[in-house]
Amino acid sequence: MGERPLNQAVEAYLDDVWKEITAIYAKESKRIGALKNQSRLQAGIMNYLKVAWRKGEFSWADGKIHIDVYEPLSWSDSSYQVEAGSYITELTDELLTEQFFPALCERVDRLFHSDELGSLFFDYRFEIVFEFERENSKVTLSRKLINEPKLIQLQKALEQFIQTKILPDPPILPKEEDMFFFAWQLVNPDLMKPSAEDIEPLIRRLSSKLNNNPKRKNEWVARYTSAFNDWAQDRFLPQHFTRIGDYGNEWVLKEEPVRSSVDAGEMAFFLYAALQIGSTQPETRQKYLELAVQLGSKTVADYLKTGSGKFADTYQGSGWRPAAMT
């Protein structure tokens, strides 16, 4: 028994969307194919697609299709915009949810798991987001895809990188482009547990190997503190706070029923990350510690009032020694 054919309006909408995505991806594929010095710690580049119908100023049906192939910043609009046909008025929420979005995901999934656009085009993970605005309502759907073979390959690459480029004594050092991705993968929960006990020894090991090269050491500090900051803003804080302000710089505590319970291990890593970030951004450290107090950390509250060498020692990692080097 075959699949039910798509509604005619759904098919027309999908064709217009897919035609634009195909054209964008063809350009991106050429650009990505021309890149040099790709790091083995990067599985691929493209990891996001957003398709949206943005309502018109005077009527919801007088709008445009918006497509983003990179996650958009909240304060900017760089979407590709496409005109749609009269079919747009025939698309019910049910058709969008039960036919359009599954059909879009199926096409993306098929492309995502192929090498049609080159092995480095897609990352091992991919998020598809769909929005459809009406006069007083909005449909919002999302799906996440994982390419398991690519993830396994990346896990092996990271493990080999640590064994061959981080742990051995100088003069063995990683390439500069690898340091960037190494920092990011250290806070990737698909690859590493977010815990100072696991990550701190690797950070300190590479830092010590760069002691004779202040420029590269400063770059390394900038890399991992930036990665920590993004982990805090993208993974930890949104569980508990709502981001507000023109540039998303302020955080307001969510109401109790909506807010996730605080995981002790994640909180410990957040405090560790905050103090590491503080070496170059003291104002960010202060803000993060104040947010930790809002989440109920009495230890941090006491630290902010009186200061505590023990607290700083614990979370800055001065007491840890890498197991591989004991």
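**Q** Even after reading the chapter, I still don't get the packing of aromatic side chains, so can you show me in this structure?
**A** For any pair of aromatic rings, the description rests on two quantities: the centre-to-centre distance and the angle between the ring planes. Tallied over the full model, the rule gives 27 aromatic pairs. Between the aromatic rings of F112 and F122, the centroid separation amounts to 5.6 Å while the plane-to-plane angle is 80°, which identifies the pairing as edge-to-face. Of the two residues, F112 sits in helix α2 (residues 93–112) while F122 sits in strand β4 (residues 122–133), which places them ten residues apart along the sequence. The burial state of F112 is the same as that of F122; both residues are buried. Through a chain of ring-to-ring contacts, the aromatic side chains of F161, F182, W220, Y224, F228, W231, F236, F269, F270, Y272 and Y288 assemble into a single cluster. Its guanidinium or amino end placed over the ring of W60, R134 lies 5.0 Å from that ring's centre, counting from NZ or CZ.

**Q** Explain the pattern of salt bridges to me, please; I cannot follow it from the model alone.
**A** Close approach of charged atoms allows side chains of opposite charge to pair. Inspection of every chain in the model, using the stated rule, returns 15 salt bridges. The residue R107 makes a salt bridge to D15 at a minimum N-O spacing of 3.8 Å. Here R107, found in helix α2, pairs with D15, found in helix α1 (residues 8–33); they are 92 residues apart in sequence, far enough to count as distant. Between R134 and D93 there is a salt bridge whose closest N-O contact spans 2.7 Å. Pair noted here: R134 is in the loop between β4 and β5 (138–146) and D93 is in helix α2, with a separation of 41 residues, a long-range link. Taking relative accessible area as the criterion, R134 reaches 15% and is therefore assigned buried.

**Q** For this particular structure, what's the right way to read the confidence of the model for the protein chain?
**A** Predicted coordinates in regions of low pLDDT should not be interpreted in detail. Summarising the model, the protein chain shows a mean pLDDT of 90, and 91% of its residues fall at 70 or more. Confidence drops under a pLDDT of 50 for residues 318–326, and excluding neighbours within four residues, the segment shows twelve contacts in the predicted structure.

**Q** Hey, could you run me through unusual backbone geometry in this one?
**A** Glycine aside, residues mostly have negative phi angles, and peptide bonds mostly take the trans form. In this structure, the amide linkage connecting P170 to the following residue, P171, adopts the cis form with an omega of 15°. Assignment of secondary structure puts P171 in the loop between α3 (148–166) and α4 (176–186). The backbone phi angle of N37 is positive, close to 55°, even though this residue is not glycine.

**Q** Looking at this model, I keep getting lost on α1. Mind explaining?
**A** With 26 residues, α1 ought to run about 38 Å at 1.5 Å a step, and its terminal C-alpha atoms sit 37 Å apart, in line with that. Within the span of α1, buried status applies to A9, V10, Y13, L14, V17, W18, I21, I24, Y25, E28, S29 and I32. Buried-residue contacts for α1 involve β1 (46–54), β2 (64–68), β3 (80–82), α2 and β4. Capping the start of α1 is the job of one residue whose side-chain oxygen sits 2.7 Å from the backbone nitrogen of A9: N7.

Parameters and conventions
- Residue positions are counted from 1 within each chain, in the order its sequence is given.
- Two thresholds apply to this predicted model, a pLDDT of at least 70 for residue-level local features and 80 or more for giving and counting side-chain atom pairs, whereas whole-chain, interface and lining totals are computed over all residues.
- Excluding hydrogens and water, the side-chain values take into account all heavy atoms of the structure.
- For Phe, Tyr and Trp, where Trp contributes only its six-membered ring, two rings pair if their centres lie within 6.5 Å, and the inter-plane angle classes them as stacked under 30 degrees, edge-to-face over 60, or tilted in between.
- Secondary structure elements follow DSSP: runs of H or I no shorter than four residues count as helices, runs of E no shorter than two count as strands, and numbering proceeds from the N terminus.
- Using a 1.4 Å probe on the protein chains alone, a residue whose accessible area is under 20% of its type maximum counts as buried, one over 50% counts as exposed, and one in between counts as partly exposed.
- Any Lys NZ or Arg CZ found within 6 Å of a ring centre and within 35 degrees of that ring's normal is scored as a charge over the ring.
- Salt bridges are identified by distance alone: a Lys or Arg side-chain nitrogen within 4 Å of an Asp or Glu carboxyl oxygen.
- Every residue gets a pLDDT, meaning the predictor's confidence in that residue, from 0 to 100.
- Residues are treated as being in contact if the distance between any of their heavy atoms lies within 4.5 Å.
- One fewer than the residue count of a helix, multiplied by 1.5 Å, yields its expected span.
- The term polar contact refers here to a pair of N or O atoms within 3.5 Å; inside protein, the definition further demands a hydrogen-donor-capable atom paired with an acceptor-capable atom, and it admits residues adjacent in sequence only when both atoms are side-chain atoms.

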